[in-house]
Amino acid sequence: MGACVAWGLARRGLRVCVLDEGDIALRASRANFALIWVQGKGIGFPAYAAWTKAAAEAWPRLAAELRSETGINVGLDQPGGFTLCLSDRELQANVDLMVRLHSQTDAVIYPYEVMDHRQTKARLPAIGPDVSGSIYCPLDGHVNSLRLFRALHAAMKARSVDYRADHAVTAIEPRAGGFALNGAWGTVRAPKVVLAAGLGNARLAPMVGLEALMKPSRGQIIVTEKATPFLRYPVVTVRQTDEGGVMIGDSEEADGSSLRIDHSISSVMADRAIRMFPLLGDLNVVRTWSAFRVMTPDGSPIYEQSETCPGAYVAMAHSGVTLAPQHAFSLADYIATGTIPKEVAVFSTRRFRVPASV
Amino acid sequence: MTEGMVRRGHGIADLADEYDVIVVGAGPAGLSAATMLARFKARTLLVDENQTPGGQIYRAITLAQSADRRRLGEDYWRGRGIAEDFLNSEAEYAPATTAWSIQSVQDDAERIVGQEVGLSSTGMARLIRAKQVVLATGALERPFPIPGWTLPGVMTAGAAQIALKTSGLVPSGKVVIAGTGPLLYLLAAQLIEAGARVSTVLDTTPRENWLRAFRHAPGFLVSPYLAKGLKLLRTVQRRTRVIRWVSELAAEGEGGLREVVWRAGGCEHRLPADLLLLHQGVVPNVNFSNAAGCAHEWDEAQLTFRPQIDEWYGSSVAGLSLAGDGAGIRGAEAAAIQGRIAGLGCASRLGLVAPAERDRLAVPLRRSLARAMRGRRFLDELYRPGKEFRVPQDPDTIVCRCEEISAGQIRTSVSAGAGGPNQMKVFLRCGMGPCQGRLCGLTVTELIADERSKHPCEIGFYRLRFPIKPLRLRELAALPQTQTAKVAVLADLADTHHSADWNERKPQ
Amino acid sequence: MFRRLSDRASGEVTFTFDGLPVRASAGDSVAAALLAAGVRACRTTPVSGAPRGPYCMMGVCFECLVRIDGMDNRQGCLVPVQEGMRVETQHGARALTTEPAQ
C-alpha cells in the first residue's frame, strides 16, 4: 500500500519520502495471498465491488508500467479464478452470495459461471471427487507478490523516492503548513502525510485527527516445496506460484493477540486442499506462518483526509495486491491534487457513522 | 557388534501424548540430558533424526566395529559409553524421527504451562506435549561460499567424516581438503590413517590469527587440545602437502568438480581434483531455537548467532532449555557435561530434585566443564575464518544454494531497499528453499552488514518458520482439528470479510 | 570418488539407481551408497537445472534429494538403503501429475 502510493505520487512529480520500519515488522505485504480477486466482494457496498473490478481491469497497465520502469516482470496472470466447494451446501452458499451481490441496488455486474463437478474438472483436471462444484469468475487472477514488492521498491528508487528503512514513526505533529514526523532517528517535515502503516495506523491516525477503524483478523498460510505446474487457474484458497510452490491459505480468526501458528488450522487447510487436489498430499510443506490483516470493520478500504489537519490522509485495505493499481493511480492522484473523486470519497469513515442502508 | 546396544526405539504411533521432558537430538548433550532426567524418574522421550544414537560427532557409535575404533580414535570411542548409559536408562527413544515444531502451551491466564512438540516419522506426524523441552540440536558446518561450491564433487569435510563413520567410506581419486579449524586436520589425519590419498591440504587460516590467538595461549598450553593438535598436525604434514596462507579459493568444472584453484605466495595455482572437502569450523544449528522464539545474540569470538542461556541452560522461553553446541560451540566433551547440567535444571523445575541438591550435584560438573573448555578461546581466535571466505567478494559466487542467489544480487538488493535478511527473503527468495537458510543465513547477515557498514548484530538473522524440517501436507492434514479451527477456515466461505453489519457489532 | 574399506563386516543389499543395479552395505544411507557407487550428481535444481550432489550428509543441506520408490524429493542421506529400493535422479521440481497413483 505505502509503496504503491509513494510510487504513484512520485510519478506525478512529487518529492516523496517513505518512512518504514526495520527488518522485522508486522507487514501485511509479507502475508498476502497474491490474488487479484473480484468475485464475492462488495456485499452491502457496491462501490467496493466497482473499485475492485476497476482494479482488476487496471492491473495490466500497472504491470506494464512497472516492467518498463524496472525491468521486473511481476508475473501477472488473469486467467480467471475459481472458488471450489466441497459440499452442495458450500456451493449453494457461494451461489447465493453471488446472486445477492448482483441483485443489490447499484450492483456492479460482471460475468461468472457456476459449474458442477464435471464442468469444473474439465478446467481443473486435478480436482478430487469431493469437489461438488465451483464458481468461476473470468476477472480473477494473481501475481508473484514477492516480485511485485521488489518491483515497487525498484520503481520508487527509479523515481527518486527517498526510502528510509529502520525509521519507525513515534509521533506526528501538525505544524503550520505541514507536519513533523518524529522517531528515534530524528525528524522529517512535509506538507502532506499519508498513513499507510497498516496496523500501525491505529496508533498514528489519532495524532492527525483521523480514526483508523480496525478489527482483529489473523490469517494463516501454508507453503509447499516447488512442484511442476498442475494448476492453470488460481483458486481462492489454493494457488501455485510461477516458481512452482503451492500456497494454501485464507483462514480467518478474530484474533489480534498472537501470531502463534495454530497447527489445528493448518490441518483443516491442508485437509481441504488435499480434498480439492489429492495429488498435493505428498508435497513437502516448507513453511507455515500467520499474519494480521489490515481489516476494517466492514472489510472495505478506508481512504480519508483529516478534517482537522488537512494534508493528512489515512489509507488502509486488506486487499493490497488486488487494489494496487487503484492505490498507485487513483488514490495517488487524489492525494497529489487534494480533490476527492466520487469513487474514492465513498471510502471515508463517514459510512460507519450513518445507519447501514442494506 | 554388541547385541545389547541395539535397543529397538519407539515408533511414533507408540509414543505417549505427554511426557515430563522431550529431548531433541541424540548427540552427547541430548543423550546426557536424557540419561540424567531418567535417573530422576522424569518421564523422558529422546527424539532424533538418525537411525542410531550419537549425533554427528559420535555418529553410528553403537554400530562401530573395532576397525572403526582404530581409525577414528579414543575420542570417538568415548561416545560409546555415553550412548550405552542412555540406552540402559528408562528414557524412551524415538530414532528416525524429526522434530519440526515447538510451541508453548498456555493456560487461560496466558502462563506457559508446557511445550507442544511436532514430530514426524514414517509418514506420520504427531503433536506431543512435555512440561520441559531440551533442544540439543548441535552444530552444522559454517557456510563456505566460494565460487563453484555447489558443484557435485564439492562436499563438507564433515560429510566425508560421516561417510567414514557410517559406511566405512574413504575418498579415492584426487582429493583436496581446504579451509581452517581444528576439525580440518583431524579429518585429514583420519582419512590418511584410513588409507585415503589426500593430494593437498589448503589452509585458509589468516596469518593475523596467530597474533590474536597468542593472547589466549596460556589457556591453550594447559588444555588437552594442545597435545592432540600437535600430533594431528605432525601426521598430516608428514603424509601430505600442506599449503598455508591460501586465498581466492575456487572450485571449477562443468557439471562437476574438475579443478581446485587458489592463490598462495603471490601466484595462482591449479590442481585437478575429483573431490574437494571444505571446512571452516562449525556454528550452532539455531533453526529450531530461532523458530521457537528464543532470544539470540551475536557471538563475536565465534562469528555467529547463538541462543541466550542461563546457568542451567534455560533459554528465554520458559520450559525450553538448550544444551551442547546448539547453544554455542564448546565441543563434544563440554556438550555431554552441559547436557547433564541442563538435565539437572529440568529435573529441578519438575520438582524432582531440590535446588540445594541440584546445586551440589552441579559443582563437579561445572568444574569439569571449565576444564573441558580450557583452550577454547585460543582455538576460536586461531581458527576464526577469514572475511573473504565468509563474505564472498566475487559477485557471482552463489550464497543461497537452494534458490541460487549470488553475492552480487544480495549486495545490489541492499541498496534497492532490502536492509535486512527478512526483507532480503522478500526481494530475492534467498533462504526460502528447503534448507531454510541453514547454508546461507550467516553469509546473508554478514554480506548485508558489510554492504551497510554495520555490525552483524545490528542486522539480525532470518526469522524462521515451522516446520523447520519438511513434512508432507498429508501429515499436516491428519493432525487433530478443533471446531474453532474449522470455523476459522470455513467462515471464509460464509464471506464474513464483506458483511456490512458494523453497526450491529459496534459496542454500545 | 569414494571407496569402501574392507575391514568392516556388513551385509550386502542391492538397489537400483536410474534402473541400474547398485550394490551397497546394509546400514548405508542412500546418499552414502551412491557416493560409494561413484555417483557425484543425484539431482538437478528446480531453479536453473544445475546438477547437484550430496554436500553435508547430515540432513541440513537438501542437496542429496532423490526419488525413492516413486516418491520425489527424499533426503538421500537420511533414508537407509533397502534391498530392491528404486532410487532415481531427482529432475528439478517435484513432479505432479494430474492422475495421482492411488
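Residues numbered from 1 in each chain as written. Chains lettered and ligands numbered in written order. Predicted model: local features only at pLDDT ≥ 70, side-chain atom pairs only at ≥ 80, totals over all residues. Heavy atoms only, no water.

With an unreviewed UniProt entry as reference, chain C is termed (2Fe-2S)-binding protein, source organism Microvirga makkahensis.

A. Inspection of the nonpolar core at higher detail. Counting residues in each nonpolar core, the largest one holds 188 residues, and the members touching the most others are Ile22, Leu249, Leu276, Leu277 and Leu278 of chain B together with Phe15 of chain C. Among the elements that take part in this core, helix α10 (residues 332-349) of chain B stands out by supplying nine residues, more than any other. Excluding anything up to four places from it in sequence, Ile22 of chain B contacts Leu45, Val47, Val117, Ile128, Arg129, Ala130, Gln132, Val133 and Val134 of chain B. Listed in part, the 59 residues of the second largest apolar core include Val5, Ile43, Ile135 and Leu323 of chain A. (Core = buried A, V, L, I, M, F, W, Y, C linked by side-chain atoms within 4.5 Å. Buried < 20%, exposed > 50% of the residue type's maximum accessible area, 1.4 Å probe, protein only. Helix = DSSP H or I, 4+ residues; strand = E, 2+ residues; numbered from the N terminus. Contact = heavy atoms within 4.5 Å.)

B. View of the sheet that holds strand β12 (residues 241-243) of chain B. Residue and element names in this part refer to chain B. Read across the sheet, five strands follow the order β8-β16-β10-β11-β12 without closing on themselves; strand pairing throughout is parallel. Looking along the sheet, the strands with just one partner apiece sit at the ends: β8 (154-156) and β12. Between one strand and the next, the sheet's axes are offset by a mean angle of 20 degrees, whatever the strand orientation. Two elements, β8 and strand β16 (residues 275-280), share three bridges in a ladder whose sense is parallel. Bridge pairing in β16 links Thr156 to Leu278. Contacts from helix α4 (residues 157-167) reach β8 and β16, with the element oriented near 75 degrees to β8. (Pairing = 2+ DSSP bridges. Axes fitted to C-alpha atoms, helices over the stretch in contact; angles between N-to-C directions.)

C. Representation of the interface of chain A and chain B in the model. Counting residues at the interface gives 64 residues for chain A, matched by 56 residues for chain B. Buried surface at the junction of chain A and chain B, both sides included, amounts to about 5400 Å², of which 55% is carbon and sulfur. Together, Asp23, His263 and Arg287 of chain A form the three largest contributors to the area buried by chain A at its contact with chain B, with a combined 12%. Applying the counting rule to chain A against chain B returns five salt bridges. For Arg474 of chain B, the salt bridge goes to Asp282 of chain A, with nearest N and O atoms at 3.4 Å. Between chain A and chain B we count 25 residue pairs in polar contact (both at pLDDT 80 or more) in total. For the side of chain A that touches chain B, the secondary structure elements donating two or more residues are α3 (88-103), α5 (145-158), β12 (218-226), α7 (263-276) and β15 (284-292) of chain A. In terms of residue count, the dominant contributor to the side of chain A that touches chain B is α7 of chain A (eleven residues). (Buried area = accessible area lost by both parts, 1.4 Å probe. Salt bridge = Lys/Arg side-chain N within 4 Å of Asp/Glu carboxyl O. Polar contact = N/O pair within 3.5 Å; in protein donor to acceptor, adjacent residues only side chain to side chain.)

D. Representation of helix α2 (residues 46-70) of chain A in the model. Residues and elements named next belong to chain A. The end-to-end C-alpha distance of α2 is 35 Å, a good match for the 36 Å that 25 residues give at a rise of 1.5 Å each. Maximal helix bending in α2 amounts to about 40 degrees, located at Ala58; proline Pro60 follows within four positions. One or two residues past the end of α2 sits Gly71, with phi positive at roughly 80 degrees. (Expected span 1.5 Å × (residues − 1). Bend = angle between axes of the 7 residues up to and from the residue.)

E. Highlighting the side chain of Thr224 of chain A. Residue and element names in this part refer to chain A. Inspection of the secondary structure assignment puts Thr224 in strand β12. Judged by relative accessible area, Thr224 falls into the buried class, the value being 3%. Among residues more than four places away in sequence, those in contact with Thr224 are Gly245, Val246, Leu283, Asn284, Val285 and Val286.

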